[in-house]
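Fold and contact review
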Amino acid sequence: MPAKISRNYTGPWRKTPGRLLGVGFVRLYQLTFSSMVGGHCRHLPTCSEYAYEAIARHGLVRGGLLSAKRVAKCGPFGGHGIDNVPDA
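The name given to the chain in an unreviewed UniProt entry is Putative membrane protein insertion efficiency factor, and the organism recorded there is Jiella pelagia. Regarding the chain, the UniProt comment filed under Sequence similarities (unreviewed entry) reads as follows: "Belongs to the UPF0161 family."

So, about the overall build of the chain. On a plain count of helices and strands, the chain comes out with four helices and two strands. Overall size of the chain, expressed as C-alpha extent along the three principal axes, is 35 × 35 × 25 Å. Here the chain holds 88 residues, and the buried ones make up 32% of them. In the chain, 71% of the contacts between residues at least 6 apart in sequence involve partners at least 24 apart. Total accessible area on the chain is roughly 6,200 Å²; 66% of this is exposed by carbon and sulfur atoms. In the chain, which carries 12 positive and 4 negative side-chain charges, the distance between the mean positions of the two groups comes to 6 Å.

Scanning the model with the defined rule gives zero aromatic pairs in all. Just above the ring of Trp13 sits the side chain of Lys15; from NZ or CZ to the centre is 4.5 Å.

Let's shift gears to the side chain of Glu53. Within the element layout of this structure, Glu53 appears in helix α3 (residues 47-58). Judged by relative accessible area, which is 17%, Glu53 ranks as buried. Not counting residues within four places of it along the chain, the set of residues in contact with Glu53 comprises Tyr9 and Val85.

This part takes up the state of the cysteines. Tallying each qualifying case throughout the model produces zero disulfides. Between Cys41, a free cysteine, and Cys47, which holds the nearest cysteine sulfur, the sulfur-to-sulfur gap is 4.3 Å. Free cysteine: Cys74, not disulfide-bonded; nearest cysteine sulfur from Cys47 at 3.1 Å.

A separate point is the pattern of salt bridges. Tallied over the entire structure, the rule returns five salt bridges. Ionic pairing is found between Glu53 and Arg57, a salt bridge with its closest N-O pair at 2.7 Å. Separated by four residues within a single helix, Glu53 and Arg57 lie in helix α3, roughly one turn from each other.

What follows deals with the packing of α3 against helix α4 (residues 60-72). Two elements in contact, α3 and α4, have axes separated by 7 Å at closest approach and are oriented at 155°. Comparing their axes, α4 and α3 come out roughly antiparallel. In this structure, α3 crosses over α4, and the sense of that crossing is right-handed. Each of Cys47, Tyr50, Ala51, Ala54, Ile55 and His58 in α3 lies in contact with α4, whose residues at this interface are Leu60, Arg62, Gly63, Gly64, Leu66, Ser67, Arg70 and Val71.

Conventions and cut-offs
Residue indices follow the written sequence of each chain, beginning from 1 at its first position. The model is predicted, so local features are restricted to residues of pLDDT at least 70 and side-chain atom pairs to those at 80 or more, both for listing and for counting; the totals for chains, interfaces and linings are taken over all residues. The side-chain numbers reported here are obtained from all heavy atoms of the structure, hydrogens and water having been left aside. UniProt positions are given in the numbering used here, feature names are shortened, and annotations may be inferred rather than shown by experiment. Going along the chain from the N terminus, every DSSP run of H or I of four or more residues is numbered as a helix, and every run of E of two or more is numbered as a strand. Throughout this description, buried means an accessible area under 20% of the type-specific maximum (1.4 Å probe, protein chains only), exposed means over 50%, and partly exposed covers the range between. Contacts: residue pairs with any heavy atoms within 4.5 Å of one another. Where accessible areas are quoted, they stem from the Shrake-Rupley method and a 1.4 Å probe; at the residue level, only the protein chains shown are allowed to cover. Charge assignment in this entry is limited to Lys and Arg as positive and Asp and Glu as negative, and neither His nor the chain termini are counted. Charge placement uses NZ in Lys and CZ in Arg. For Asp and Glu, CG and CD serve respectively. Here is the rule: rings of Phe, Tyr and Trp (six-membered ring for Trp) pair when centre to centre is within 6.5 Å. Planes less than 30 degrees apart are stacked, more than 60 are edge-to-face, and the remainder are tilted. Ring-over charges, as used throughout, are those where CZ of Arg or NZ of Lys falls within 6 Å of the ring centre and within 35 degrees of the ring normal. Throughout, disulfides are identified as pairs of cysteine sulfur atoms within 2.5 Å of each other. The salt bridge definition used is simple: a Lys or Arg side-chain nitrogen within 4 Å of an Asp or Glu carboxyl oxygen. To get an axis, a line is fitted to the C-alpha atoms, and for a helix only the part in contact is used. The angle between two axes follows their N-to-C directions and goes from 0 to 180 degrees. Should an angle fall under 35 degrees it is taken as roughly parallel, and over 145 as roughly antiparallel, whereas 65 to 115 is taken as roughly perpendicular and any remaining angle as oblique. In this scheme, a crossing is called left-handed if the near helix is turned counterclockwise away from the far one by less than a right angle; it is called right-handed if the turn is clockwise.

Below, the structure is given as structure tokens:
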């Protein structure tokens, strides 16, 4: 049986309460509102995928700040292309 493919980060991360809460909110957004407002992201990964990975890897506070910074780049004068979550 083939491995389950996920759009979200599948690497190792500590499952602390803050991180679980944060990725839970992101996943809730992906399952409910994303289809209504998404579909035209200029970045890879999308902002919600970026937020999920940032929170999973860096924690709720730092990951949330990285995610907010990324969403701010999505305005009409923002960039485009590949924008991966920083390692450190």
